[in-house]
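The residues making up each chain are set out below.
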Amino acid sequence: MLAVGLVWTRADGVILVACNALLLVVLAARRSELASKKMWTTVSIYLALPVLVWAAWTLVKLHFGISSSFRADGSSVVPPFDRWSRIAGVFFRAFFLEGNWLILWALFAFACIYRYRETVTVESMFLFWPVVVYLGAIALLFATTGLFRFLEDGTVLHRLILHVAPLAALWVATVFGRCWDGTDSPRSAGSAG
């Protein structure tokens, strides 16, 4: 039901739903259950309602001519390399210099470097990877769609970053919490007792 809420309330919620579905497949592959009927049933159940809601809403938007900022932007005079360098600069400023929750993104980057193995644990992958994939997809949307014209106005990007800030904060708290209490992984906490 939460996945349905993601695609119903935000057009970019599809990114998180798709990322989580892919993570379910990756998790099954790691457990050698990729060919199991149970895994594909789980992924299908997770995707069924969000896909149905997203498809229905897309048809409604097409029928009533509701426009989207996600259309390809072929009219821009800014070359692709210049777009990407501007996007990188704006993202850097938004994360580390003038955005919201600046300490969070510094800790997030530090945790990625210092505790990089935590990015692939079962307990962390659904917190870490949706944040990374979402931010990467947003950068791609800025580079390829009409959203580029809103890049440097200081409002759109900061709001989009805040959509995944709680996940990032939870991941950072989890990673450093394990480090500080002496349990390098959740498995060592279970085996100690």
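Scroll up for the structure.
Fair warning: this is a prediction, and the values are worked out from it, not measured in the lab. (Residues numbered from 1 in each chain as written. Predicted model: local features only at pLDDT ≥ 70, side-chain atom pairs only at ≥ 80, totals over all residues. Heavy atoms only, no water.)

### Comments concerning the overall build of the protein chain
For the record, the criterion: Only DSSP runs of H or I reaching four residues or more are called helices, and only runs of E reaching two or more are called strands; each is numbered from the N terminus. Three labels apply to residues, based on accessible area from a 1.4 Å probe with only protein chains included: buried if under 20% of the type maximum, exposed if over 50%, partly exposed otherwise in between. Contacts are assigned to residue pairs with any non-hydrogen atoms lying within 4.5 Å of each other.
When you go through the protein chain residue by residue, the secondary structure sums to eight helices and zero strands. The helix and strand sequence of the protein chain, counted from the amino end, reads α-α-α-α-α-α-α-α. In the protein chain, which comprises 193 residues, the proportion classed as buried is 35%. Summarising the internal contacts of the protein chain: among those between residues at least 6 apart in sequence, 75% fall at separations of at least 24.

### Quick look at the pattern of salt bridges
Put simply, the rule is: A carboxyl oxygen of Asp or Glu within 4 Å of a side-chain nitrogen of Lys or Arg is what we treat as a salt bridge.
Counted under the stated rule, the structure contains three salt bridges. Between Glu98 and Arg93 there is a salt bridge; the shortest N-O distance is 3.8 Å. Of the residues examined, Glu98 reaches a relative accessible area of 52% and is grouped as exposed. Relative accessible area serves as the criterion here: at 33%, Arg93 is assigned to the partly exposed category. Measuring nitrogen to oxygen at the nearest pair gives 2.4 Å for the salt bridge that ties Arg178 to Glu118. Of the two residues, Arg178 is situated in helix α7 (residues 156–180) and Glu118 in the loop between α5 (102–114) and α6 (122–144); the sequence distance between them amounts to 60 residues. Of the two residues, Arg178 and Glu118, neither departs from the other in class, the shared state being buried. It is possible to trace a salt-bridge network through shared partners that takes in Arg115, Glu118 and Arg178.

### Quick word on the side chain of Ser124
In this structure, Ser124 sits in helix α6. Judged by relative accessible area, Ser124 falls into the buried class, the value being 0%. Leave out the neighbours within four places in its chain, and Ser124 touches Glu118, Trp171 and Arg178.

### Examining the nonpolar core
To keep things clear, this is the line we draw: Here, nonpolar core refers to any group of buried Ala, Val, Leu, Ile, Met, Phe, Trp, Tyr and Cys residues whose side-chain atoms link them within 4.5 Å.
With 36 residues, the main nonpolar core has Trp105, Ile138 and Phe142 as its most contacted residues. Leaving out residues up to four positions away in the same chain, Ile138 has contacts with Asp12, Ile15, Phe91, Leu157 and Leu160. Counting five residues, the second largest nonpolar core, distinct from the first, contains Val4, Val7, Val17 and Val53.

### Some details on a nonpolar patch on the surface
Put simply, the test is: Patch membership is restricted to residues that have no salt bridge and whose relative accessible area is over 30%. Joining uses 9 Å for like charges and 5 Å for the nonpolar side chains Val, Leu, Ile, Met, Phe, Trp and Tyr. In this description, accessible areas are obtained by the Shrake-Rupley approach with a 1.4 Å probe, and a residue is regarded as covered only by the protein chains that are shown.
A grouping of Met1, Leu49 and Leu52 is seen on the molecular surface, where their side chains present a nonpolar patch of about 360 Å² in accessible area. Mapped onto the secondary structure, Met1 falls in the segment before α1 (2–9).

### Here's the deal with helix α3 (residues 37–64)
Inclusion rule: Expected helix span is taken as 1.5 Å per residue step, with the number of steps being one fewer than the number of residues. Values of bend correspond, residue by residue, to the angle between axes fitted over the seven residues ending at that residue and the seven starting there.
Spanning 28 residues, α3 covers 40 Å between terminal C-alpha atoms, matching the ideal 40 Å at 1.5 Å per step. Along α3, the largest kink reaches about 35 degrees and is centred on Leu47; proline Pro50 follows within four residues of it. Check the buried side of α3 and you find it contacts α1 and α2 (13–30). Gly65 lies just past α3 and shows a positive phi near 70 degrees.

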